[in-house]
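# Per-entry structural report
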Amino acid sequence: MTVLGALAAQVLHMALMAAAAPTLTGLLRWFQARMAGHIGSSPLQPWQDFARLLRKQSVRAEDTSAVTTEAPIVSAAALAVAASLVPSFTLGMTFARFADLLVIAGLLALGRAASALVAMDPGAAQGGIAASRTLLLGGLAECALLLVLFALALFAGSLNVEVIAAMRIEIAGDWRVGLVFALAATLLVALVDAMRREMLGLGVSGSNLALLELADALRLLVWLDLIGALFLPFGVALAGAGLGEWAIGIFAWLLRLLVFVVVLVLSQTIVGSLGLAAAARTLGVALLLGMLAVMFVLADMSAP
Amino acid sequence: MVLTLLSVLIAGLVLLALFARLVPGPVQTGAVATIAAAVVVLAGVALHSGASAIALPIGPAGAMTHLALDPLSACFLLLLFLAALGTQIAPLTLAGTAATLLAADGFGIVVGLLLLGGQRQLRLSAVAAVCIVVALALFGSAGEFAVLRTMPPDGWRAAVVLLLVLAAAGCLIPLDPAIAAWVMLRVVFDLCGSEQAVWWGVPLLLAGAGFAAYSAWRAALADTLHAVAGAAALLPFGVATMALGVALCGRAVDLPSVASLALAAAWLGVLAHVLCRTLLQLVADEVERSGGTRRLDLLGGVIRGMPVTASSCLSGLFAFALLPPGIGFAAFWLLFQSLLAMARFGDPGLRALTLCVALLLAASFGLATLAGVRLFGIVFLGRPRSPRGAVAEDPRGAPRHVLAGLAALTALLGILPGLALLPAAGWTRAASPMLLLTLRNGAEAPGYSPIFIAAMLAMAGLAARRALRVRREPPREPVWNGGFAALPPWLPFGDPAAQFGAASFVAPLRKLATLLPHIDMQSSLHQMRAAVQRATTAWMAR
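Every value quoted in this text rests on a predicted model; they were computed, and no experiment measured them.

## Some words on unusual backbone geometry
Residues and elements named next belong to chain B. Residue P325 follows P324 across a cis peptide bond; omega there is -5°. As for its position among the elements, P325 is in the loop between α13 (307-320) and α14 (327-345). With phi around 60°, D254 is a residue other than glycine that occupies positive phi space. Assessed through the 10 C-beta atoms surrounding it within 10 Å, D254 is described here as exposed. Here the phi dihedral of L322 falls at roughly 55°; this positive angle occurs in a residue that is not glycine.

If you want it as structure tokens, here you go:
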């Protein structure tokens, strides 16, 4: 029964993630537009965009290779696998044993690398600039993320998302200084990585573009779910929980996503759009916060 | 028996090198390849049958040369000669490699290293050999390894031995980093015993972390194919060196599980290094042969004529860029886990060190992706930047199969790193059945399962492809190039200088680097020399 339950949870989780990703992006855009004083398109607009892109005949740029058709698939697949590993409403899903944080960080990097290759394929200047910026900021973001992961793993004794989340649920009130720094660093990284969009899809169209957009939407969702699972797993059902707890978990997950969207959009409205230098500086601050997090967790461990 | 055959094969290689002028080229290549294949088979047999040792009646007066074959040397023999099958290596270098790996006393190592250095890098190999002999002499006698193991050095002698071995390894990196790793493993891990101080791992950890970050940085900035390939292959070697440092610390604080985890990481790192080095070197050679240049800024769009080379390059870069599910990522994962375990259980000094190491490791992780995408994107994608590059073609015949085979092997070992850890189980002491499908840091711990990740990626990819199947080939249009007009017929590749090139790709990175504290080595050296000169003249005038 538990095996079946875990499998059901996994399938439900994947379906929810697939449904949530474009909707979340749409919601974010709608709220951004409202904050900027526009009416904004409907939160369901990304779904219509997908349908339109899939229906349209695609056009390929001259001088492109198989990378233009294959790399978007790799990018979307990497993000989809990452999304299936990060818990949303319950722990103890079938893939829980494989949900390693380093693997998730690696999959995010893989998705980014594949998208950058798509941008470089037509050989036009904008694509190259976009790829170069994506990888530079992505590299900085990964650097900060790895430090945060190091701090969390030192604290929890494992790099597995579920183990860390279960531990956070158990000692929800324990907010050490190191964890606060880690949360701040992750928020900054998520802000830059999920909100700053380079024009990677200029040279592609049709279903390839749809896949790239899907990967972007999934990336935002994976970031928000990661923050939720690692730092604020309120209401997440434990392994082997019943349907009632699942319902509470789903409700808490939706609430969490809404709060994150509000926080992201508000901070973006206050900070303004991030230029390259500002984004790099923000990530530098995140890096520093990550180092502080590791230092404080290490100091905590040294204290008797 | 196996060892006797191996020494005969080494002698054959030396003879081939001596009479190279008498033997026609193709015959020599064939003979070297046959001998390399025989060595691979013999090393495989030796892994199965266990350790053996013989004494040859040659060497300094009144003494014998001892050779020994244990799991450690058999592993490295297997790896290095398997890689040698794919490339053309001088017979003398191969003989030196085999002699060094099989040596079981100081004399054997000296002979092996001098052969390895050959004429071109004799100075470096001689310095390394002297360092090792002095280090062995500090044990009490530079004789047979079996004797040395019974009397490990202690006190100041141990410290000097470590420094000398590190110096020797540093000299060996330009010759062959894998041999450098082997020297560290043999002397520091095997001969010095486990009763050493905790700080032994520290220089290795720092050197490895610095090396990894520096090679990733070099790979991101270098502007020729061969320079990028060379720097890229050194990143996994840096990971391996770090892992050796963690293993030493783990052993010193009596955590055998951490030590074996780190040793497994070190082996995977060396393996990734050798595979990356061979594969990227072959790719660089092929592209240069066919494209006419090794400068990144003159290549472009090569994938159209060279699909096999391009996919091989992708496989090598995947291993280098520490992306899952590649072999480099497996080494990185194991290293990260062992670092964590060391920080959790180690002493406070080590903990402070792990912060610094983790930062450098994270930086190399970020830079490696950038370097890999830059190399592939500039060389293989986009529009051709020169007429010769536009007509580059894949190699035919044997080189093509070698490339494809090596690329497939690299990808396979990335998906099944347990397979790569099997031959090394004798000296890493990592529990092999547990590791075959999933890398774990404990019997019950959840781990990293590359085959699961690969299967999931493949399933998601196939599903997406089926769902989005395109019924007919889409029409091709000129790309919108920021408002530039379509290219005139008399300028078929456009103006190469107007394309986004390798230097433009890292321009933001260079700009970012100016924010870091900058040390100008050249001018500091000049200033130091001037200061010394001033001091000398002042002293002379007195």
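## Looking at helix α11 (residues 225-252) of chain B
Residue and element names in this part refer to chain B. Compared with the 40 Å implied by 1.5 Å per residue over 28 residues, the 42 Å span of α11 between its first and last C-alpha is a close match. In terms of burial, α11 is largely enclosed, as 25 of its 28 residues are buried. Two residues or fewer after α11 comes D254, characterised by a positive phi angle close to 60°.

## As for the interface of chain B and chain A
Taken together, the contact between chain B and chain A spans 60 residues of the former and 66 residues of the latter. Broken down by secondary-structure element, the contributors of at least two residues to the side of chain B that touches chain A are α14, α15 (348-380), α21 (450-467), β3 (476-477), α22 (502-505) and α23 (507-513) of chain B. Partitioning the side of chain B that touches chain A into residue classes produces 40 nonpolar, 13 polar and seven charged.

## Some words on the packing of helix α4 (residues 101-120) of chain A against helix α5 (residues 125-156) of chain A
All names here are of chain A. Between α4 and α5, the least distance of the axes is 9 Å, while the angle of their chain directions is 175°. Accordingly, the angle class assigned to the pair α4 and α5 is roughly antiparallel. Across the interface between the two elements, L101, L102, A105, A109, R112, S115, A116, A119 and M120 of α4 pack against G127, G128, A130, A131, T134, L135, G138, E142, L145, L146 and L149 of α5. Looking at side-chain class alone, the contact of α4 with α5 contains 13 nonpolar, five polar and two charged residues.

## Details of the confidence of the model for chain B
The predicted coordinates ought not to be read in detail in places where the model reports low pLDDT. All names here are of chain B. Of all residues in chain B, 94% attain a pLDDT of 70 or more, and the chain-wide mean is 86. When the elements of chain B are averaged for pLDDT, helix α20 (residues 432-435) gives the smallest value, 56, and α13 the largest, 94. Across the whole predicted complex the pTM is 0.92, and at the interface the ipTM reaches 0.94.

Quick notes on the rules
- Residues numbered from 1 in each chain as written.
- Chains lettered and ligands numbered in written order.
- Predicted model: local features only at pLDDT ≥ 70, side-chain atom pairs only at ≥ 80, totals over all residues.
- Helix = DSSP H or I, 4+ residues; strand = E, 2+ residues; numbered from the N terminus.
- Buried ≥ 20, exposed ≤ 12 C-beta atoms within 10 Å, placed from the backbone.
- Expected span 1.5 Å × (residues − 1).
- Contact = placed C-beta atoms within 7 Å.
- Nonpolar A, V, L, I, M, F, W, Y, C, P; charged D, E, K, R; others polar.
- Axes fitted to C-alpha atoms, helices over the stretch in contact; angles between N-to-C directions.
- Parallel < 35°, antiparallel > 145°, perpendicular 65-115°, else oblique.
- pLDDT = per-residue confidence, 0-100.

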